[in-house]
Amino acid sequence: MAKYERHREFEVHLLSYDGAQHLRLHGWLKRNDVLIKSETIHNSDETFGRFFIFINNIMLEQLKEENMERGLFCDIDVMNTENERWNIIKKLDEENDKHENLLDKIQDFMFSFQIRDRDDIENFLKQANETSLTLFKQNESFVDDYVTTKELTYEDKLKDIDLMIEAFIEQERYEDCALLVKVKNKVKQFYKK
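Everything numeric here is computed off the predicted structure, so don't read it as measured data. (Residues numbered from 1 in each chain as written. Predicted model: local features only at pLDDT ≥ 70, side-chain atom pairs only at ≥ 80, totals over all residues. Heavy atoms only, no water.)

> How should the packing of helix 1 (residues 19-31) against helix 2 (residues 57-70) be read in this particular structure?
The relative placement of two packed helices comes down to the angle between their axes together with the axis-to-axis distance. Across the interface, helix 1 lies against helix 2 with an axial gap of 12 Å and an inter-helix angle of 145°. Of the two elements, helix 1 crosses helix 2, and the hand of that crossing is right-handed. Within the contact between the two elements, helix 1 uses Arg-24, Leu-25, Trp-28 and Arg-31 and helix 2 uses Met-59, Gln-62, Leu-63, Glu-66 and Arg-70. Of the residues that constitute the contact of helix 1 with helix 2, the class distribution is four nonpolar, one polar and four charged. (Axes fitted to C-alpha atoms, helices over the stretch in contact; angles between N-to-C directions. Helix = DSSP H or I, 4+ residues; strand = E, 2+ residues; numbered from the N terminus. Left-handed = near helix turned anticlockwise from the far one by under 90°. Contact = heavy atoms within 4.5 Å. Nonpolar A, V, L, I, M, F, W, Y, C, P; charged D, E, K, R; others polar.)

> Sorry, what's going on with the environment of Asn-139 here?
Mapped onto the elements, Asn-139 comes out in the loop between helix 5 (118-138) and helix 6 (140-148). Measuring from C-alpha to C-alpha, the distance between Asn-139 and Gly-19 comes to 9.1 Å, with 120 residues separating the pair along the chain. A distance of 2.5 Å separates a polar atom in the side chain of Asn-139 from a polar atom in the side chain of Ser-141. (Polar contact = N/O pair within 3.5 Å; in protein donor to acceptor, adjacent residues only side chain to side chain.)

> What exactly am I supposed to notice about helix 8 (residues 174-192) here?
Because each turn of an α-helix spans 3.6 residues, side chains separated by three or four positions in sequence point in the same direction. Taking 1.5 Å of rise per residue, 19 residues should cover 27 Å, and helix 8 covers 27 Å from first to last C-alpha, within 8% of that figure. For helix 8, the set of buried residues is Asp-176, Cys-177, Leu-180, Val-183, Lys-184 and Val-187. Viewed along the axis of helix 8, the buried residues span an arc of 120°, placing them on a single side of the element. Residues of helix 8 that are exposed and point more than 90 degrees away from the buried face comprise Tyr-174, Glu-175, Lys-182, Gln-189 and Lys-192. (Expected span 1.5 Å × (residues − 1). Buried < 20%, exposed > 50% of the residue type's maximum accessible area, 1.4 Å probe, protein only. Arc of directions from axis to C-beta.)

> Looking at this structure, I do not really get the side chain of Asp-145. What am I missing?
Inspection of the secondary structure assignment puts Asp-145 in helix 6. Although Asp-145 is buried, it makes no salt bridge; Arg-24 carries the closest opposite charge, 7.5 Å away. When sequence neighbours within four positions are dropped, the list of residues in contact with Asp-145 reads Gly-19, Ala-20 and Leu-23. (Lys, Arg positive; Asp, Glu negative; His and termini not counted. Salt bridge = Lys/Arg side-chain N within 4 Å of Asp/Glu carboxyl O.)

> Looking at this structure, how should I read the pairing of strand 1 (residues 9-16)?
Regular strands place their side chains on alternate faces of the sheet. Of all eight residues in strand 1, seven are buried, a share of seventy percent or more. Across eight bridges, strand 1 lies against strand 3 (residues 49-56) in antiparallel orientation. Looking at strand 3, one finds that Glu-9 is bridged to Asn-56. Here five bridges tie strand 1 to strand 4 (residues 75-79), and the two strands are oriented antiparallel to one another. What sits directly across from Leu-14, in strand 4, is Ile-76. (Pairing = 2+ DSSP bridges.)

> I would appreciate a short explanation of the packing of helix 6 against helix 7 (residues 154-170) in the present structure.
Where helix 6 meets helix 7, the axes come as close as 9 Å, and the angle between the chain directions of the two elements is 130°. Judged by the angle between their axes, helix 6 and helix 7 are oblique. Listed contacts from helix 7 to Tyr-146, Val-147 and Thr-148 of helix 6 are Lys-157, Asp-160 and Ile-161. When grouped by side-chain class, the residues that make up the contact of helix 6 with helix 7 number three nonpolar, one polar and two charged. (Parallel < 35°, antiparallel > 145°, perpendicular 65-115°, else oblique.)

> Teacher, can you tell me more about the pattern of salt bridges here?
Note that side chains of opposite charge can pair when their charged atoms are close. Inspection of the entire model under this criterion finds ten salt bridges. Residues Lys-64 and Glu-61 are paired through a salt bridge, measuring 3.7 Å at the closest nitrogen-oxygen approach. Residue Lys-64 and its partner Glu-61 are located together in helix 2, separated by three residues, close to a single helical turn. Residue Glu-61 is classed as partly exposed on the basis of its relative accessible area of 41%. Of the charged contacts in the structure, one is a salt bridge between Lys-186 and Glu-140, with a shortest N-O distance of 2.5 Å. Of this pair, Lys-186 sits in helix 8 while Glu-140 sits in helix 6; the two residues are 46 residues apart in sequence, bridging distant segments of the chain. Since its relative accessible area comes to 44%, Glu-140 is described here as partly exposed. Three or more residues joined by partner-sharing salt bridges are found here, namely Arg-31, Glu-66, Arg-70 and Glu-151.

Don't take any of this as a statement about function, it's just geometry.
Below you can see the structure in the form of structure tokens.
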């Protein structure tokens, strides 16, 4: 039986500057099974969103190499100590002063990835669906980025949208389902070309 090689994991903070970059990064993280602690979308003048992730040193090097080739993120902070985590939070507070209570704005979009049981999984999925729906409603360019990104396959996009539609049908949110059907049709039309 082979011995498992343990690798040190880091908590890493990544910033994206627009929706397309954010989608590319999100796709890369999902494809490589990187644990996402939280994701926020705030679409300020300087940045679009941020991820807090847990990643080992090997995957971190791969992420940096991919960034050089494909532009997955615009800023990275590796947090080795509590002090570095605190400094990131202080930076967020400074941004908060600049951007009319930024933390309140992004709180609706934040995912906390602490899953202990089935209810936590359901809550996480509800938050993820709400975030995607909000982005689709707020930003037409996000819809375009979602449709055209190569980070998700055609089948993954359709499955993702179908799962969201199913969740919103259960909640009897038919207007939201109609929007998602439009996005799904755009995906289908894009791949027919």
